[in-house]
Amino acid sequence: MYEKIFEKYSPDKENLIYILHDIQDSDPQNYVSEDAVQKVSEFLRIPISHIYGVLTFYTMYSTKPRGKNVIRLCESPPCFLKGSEKILMQLCEILNVKVGETTEDGFFTVELCACLGICGNAPAMMINEDVYGDLTDEKLIKIINDIKRRA
Amino acid sequence: MKFYRSHVLIAIDDNSLKAGVKKIESLLRAKLDKNNLSEEINVLETGGLGYFGTGVSMTVYPEQITYANLKEEDINDIVEEHFLKGRVVSRLVLNSTITKKYNFNYKNRVVLENSGIIDPENIEEYIGVGGYEAWEKVLTQMKPSEVVDEVKASGLRGRGGAGFPAGVKWSFTAPIEAKQKYVVVNADEGEPGTFKDRLIMEGDPHKLLEGIMIAAYAVGATKSYIYIRGEYKLCIHRLEVAIKQANEYGILGKNIFSSGFDHEIEIKIGAGAYVCGEETALIESMEGNRGTPRYKPPFPGVEGAWHKPTVVNNVETIANVPAIIKNGADWYNTIGVEGCRGTKVYTMMGDLKLPGLCETEMGTSLRTIIDEYGGGMKDGKQFKAALVGGAAGVFLPNEMLDVKMDFNSLKEYSAVLGSGAILVMNEDVDIVDILWSIIRFFRHESCGKCNPCSNGNPVLYKLIDKIRKGKGKEADLDMMIKVSEVMNKTSFCALGQSPYMPIKSAIDNFRDDFLKRMK
């Protein structure tokens, strides 16, 4: 099932980060599975340990299954100054999860991340590929409900 | 070329996309079509205008009127009133204090001169405002060594944080005989509070490409990489479009302008690691490894990507190069201050009336930046502190507001310009909270390679967390300074060396905030 991804790249180590991005994006549970690591290891002819080293080093990857929508709330100082802690509490309350956990229906995972580079609109978060800024409690509820409704 | 009565420039960036700009743009086009105006009014997409909180905004030329916070229902009014009857819809015009700032803001721009004015996804617009002239000049009139000398003479210093002279960096790599050399642009903008590179790439990607090509010609590199963080989706898209167009126009590729010079630019995408902003860690990441820094020397200029000589420069540094070549080093030396030439792009945020970005001459005072570009303090509150330079920056109190913002002047106050991030805090902010957040950040981002950083940051976090919870003692403050000082002297790379600056400046200048938590 990873052949389509492998076809896009030459079997060089420098493509590892892209391949892992692609695998994670194509997985319905937003993670890189053990099976995938094995296949990548065979394709690139590099040790599994190296791949795990890379996977666990970068914050965008996950080795555990995640929800369909990954929420990454910025915890850097500019967002913190603008009340990101309160937003995080609210977010965890609405979804009834702790940081790093996935909702029971497998729909959302809440994570924290470093600066997203939209500090003029702090506090900010990213859901999958989309960025949301100027968060307030009301806005947060609306965003979550909109995503639920679209599904 | 076709002539239009008016041009409408719609700012497309991450912020306006969220506010539904695409829908509004298509409504506008449909409405213009319906009124047979699409032959007279040209609608163009451009980069962000440089201020925030204004939702969907568009500027109409030649009148130069900016409408902001547009909703779908406003489009009817704009087309019927403005374009059909020539009457400005005053209720939608951007607040004049902001427009004033906006004009003021453009006066000094070098790097962002085109941002918000041209369509970043159209190479012809960039060429139309004089783009790629410097590239042509370099290829047809200058020897590589002359390019290096010109950049050296301009006094351009690296904008990534350290402020190393760019021309000197190039001069290490240029004379080396090697089959392959590389230019790498560091677009892994991870310093909290910094988003200047994002706005450069979103607003004027061709300027970056032109700078890269000039740098590559100067040092003899036939291949360049832009290492960009995975979160910057719009930048990645715009750069991809720009590279494709440059190839189609023969500005990039084989035997460019029949000069015999070949060049290729590739985008490399990161996966989220602050330490990859360190140049050798960035190279490790490009090669498909964990992004941990390498031992220096050898410096990347001698042995970098795939062990080949590699020049690594920040986006803003490279974006200065076309203007230097086009107008000459003498011109560049008229901007800024002795020892620190040119402009600097700042990102301003926190308790300001007008958070956003500005580009101004090196040596402008912090007070001017906060009051004139940032619009002053929000809600009539008093200024308490500014964190200048991002998480690895320094807390500056009220007494230091008149400090000149350039590498040398800030050094006198043991401060740094860093990436140009300015986080402004009002009287209600507790410095303990902010420092806690900064240390938590460093603890999370430490790469684990060297002992002082990977063990020091958790120690610092324990101490600040204790203080924040009201369980600290005054001796803990001295301990924090001591630990971070040891880290500063012994850590392998800048990450571990950094916590010392915010910690020392916070405790020195705002000791009362810490003592209050100890009662």
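Residues numbered from 1 in each chain as written. Chains lettered and ligands numbered in written order. Predicted model: local features only at pLDDT ≥ 70, side-chain atom pairs only at ≥ 80, totals over all residues.

**Section: the interface of chain B and chain A**
Working step 1: Between chain B and chain A, the residue contacts involve 41 residues of the former and 33 residues of the latter.
Working step 2: Looking at the side of chain B that touches chain A, the elements with two or more residues in it are helix 1 (14-18), strand 11 (343-350), strand 15 (421-426) and helix 17 (431-445) of chain B.
Working step 3: At five residues, the largest contribution of residues to the side of chain B that touches chain A is made by helix 17 of chain B.
Working step 4: Residues of the side of chain B that touches chain A, tallied by class, amount to 19 nonpolar, 13 polar and nine charged. (Contact = placed C-beta atoms within 7 Å. Helix = DSSP H or I, 4+ residues; strand = E, 2+ residues; numbered from the N terminus. Nonpolar A, V, L, I, M, F, W, Y, C, P; charged D, E, K, R; others polar.)

**Topic: the confidence of the model for chain A**
Working step 1: Across chain A, pLDDT averages 94, with 100% of residues at or above 70.
Working step 2: Across chain A, the element-wise mean pLDDT spans from 87 in strand 4 (residues 130-132) of chain A up to 97 in helix 3 (residues 34-44) of chain A. (pLDDT = per-residue confidence, 0-100.)

**A word on the domain arrangement of chain B**
Residue and element names in this part refer to chain B.
Working step 1: When its domains are assigned, chain B resolves into domain 1 (6-94), domain 2 (123-332), domain 3 (343-425) and domain 4 (431-516).
Working step 2: Computed from C-alpha coordinates alone, the two centres of domain 2 and domain 4 are separated by 34 Å.
Working step 3: In this assembly, eight residues from domain 2 lie in contact with eight residues from domain 4.
Working step 4: Of the residues that constitute the side of domain 2 that touches domain 4, the class distribution is five nonpolar, two polar and one charged. (Domains from an automatic or database assignment.)

**Quick look at the packing of helix 10 (residues 205-219) of chain B against helix 11 (residues 233-248) of chain B**
All names here are of chain B.
Working step 1: The contact between helix 10 and helix 11 brings their axes to 9 Å, and the two run at 60°. As the angle between them shows, helix 10 and helix 11 are arranged oblique. Crossing of helix 10 against helix 11: the hand is right-handed. Listed contacts from helix 11 to P205, H206 and L209 of helix 10 are R238, L239, A242, I243 and A246.
Working step 2: A breakdown of the residues in the contact of helix 10 with helix 11 according to their chemical character gives six nonpolar, one polar and one charged. (Axes fitted to C-alpha atoms, helices over the stretch in contact; angles between N-to-C directions. Parallel < 35°, antiparallel > 145°, perpendicular 65-115°, else oblique. Left-handed = near helix turned anticlockwise from the far one by under 90°.)

**Looking at the environment of G193 of chain B**
Working step 1: Note that G193 of chain B resides in the loop between strand 5 (182-187) and helix 9 (196-203).
Working step 2: According to the C-beta neighbour criterion, G193 of chain B is buried, with 30 such atoms within 10 Å.
Working step 3: C-alpha separation for the pair G193 of chain B and L401 of chain B, spaced 208 residues apart in sequence, amounts to 19 Å.
Working step 4: Excluding anything up to four places from it in sequence, G193 of chain B contacts P77, P78, C115 and C119 of chain A together with T347, M349, G390, A421 and L423 of chain B. (Buried ≥ 20, exposed ≤ 12 C-beta atoms within 10 Å, placed from the backbone.)

**A look at the confidence of the model for chain B**
Working step 1: Averaged over all residues, the pLDDT of chain B equals 91, while 96% of them reach at least 70.
Working step 2: With a pTM of 0.90, the predicted complex shows an ipTM of 0.94.

**Notes on the sheet that holds strand 5 of chain B**
Backbone hydrogen bonds are what pair the strands of a sheet, in a parallel or an antiparallel way.
All names here are of chain B.
Working step 1: Taking strand neighbours across the sheet as the criterion, the four strands line up as 7-6-5-8 in an open arrangement whose pairing is parallel. The open sheet terminates on both sides in strands that have one partner only, identified here as strand 7 (264-269) and strand 8 (310-314). Put simply, the sheet's adjacent strands are angled 20° from each other on average, direction ignored.
Working step 2: In this sheet, strand 6 (residues 223-228) lies alongside strand 5 in parallel orientation, the contact comprising six bridges. Of the residues in strand 6, the one forming a bridge with V183 is S224.
Working step 3: Its contacts with the sheet put helix 10 on strand 5, strand 6, strand 7 and strand 8, and the angle it makes with strand 5 is roughly 145°. (Pairing = 2+ DSSP bridges.)

**Description of the domain arrangement of chain A**
Working step 1: When cut into domains, chain A gives domain 1 (3-57) and domain 2 (69-150).
Working step 2: Computed over C-alpha atoms only, the centres of domain 1 of chain A and domain 2 of chain A are separated by 28 Å.

**Observations concerning the packing of helix 6 (residues 84-95) of chain A against helix 7 (residues 137-150) of chain A**
Residue and element names in this part refer to chain A.
Working step 1: Look at helix 6 against helix 7: their axes get within 10 Å of each other, and the N-to-C directions meet at 40°. Crossing of helix 6 against helix 7: the hand is right-handed. Contact residues: I87, Q90, L91 and I94 in helix 6; D137, L140, I141 and I144 in helix 7.
Working step 2: Looking at the contact of helix 6 with helix 7, its residues break down into six nonpolar, one polar and one charged.

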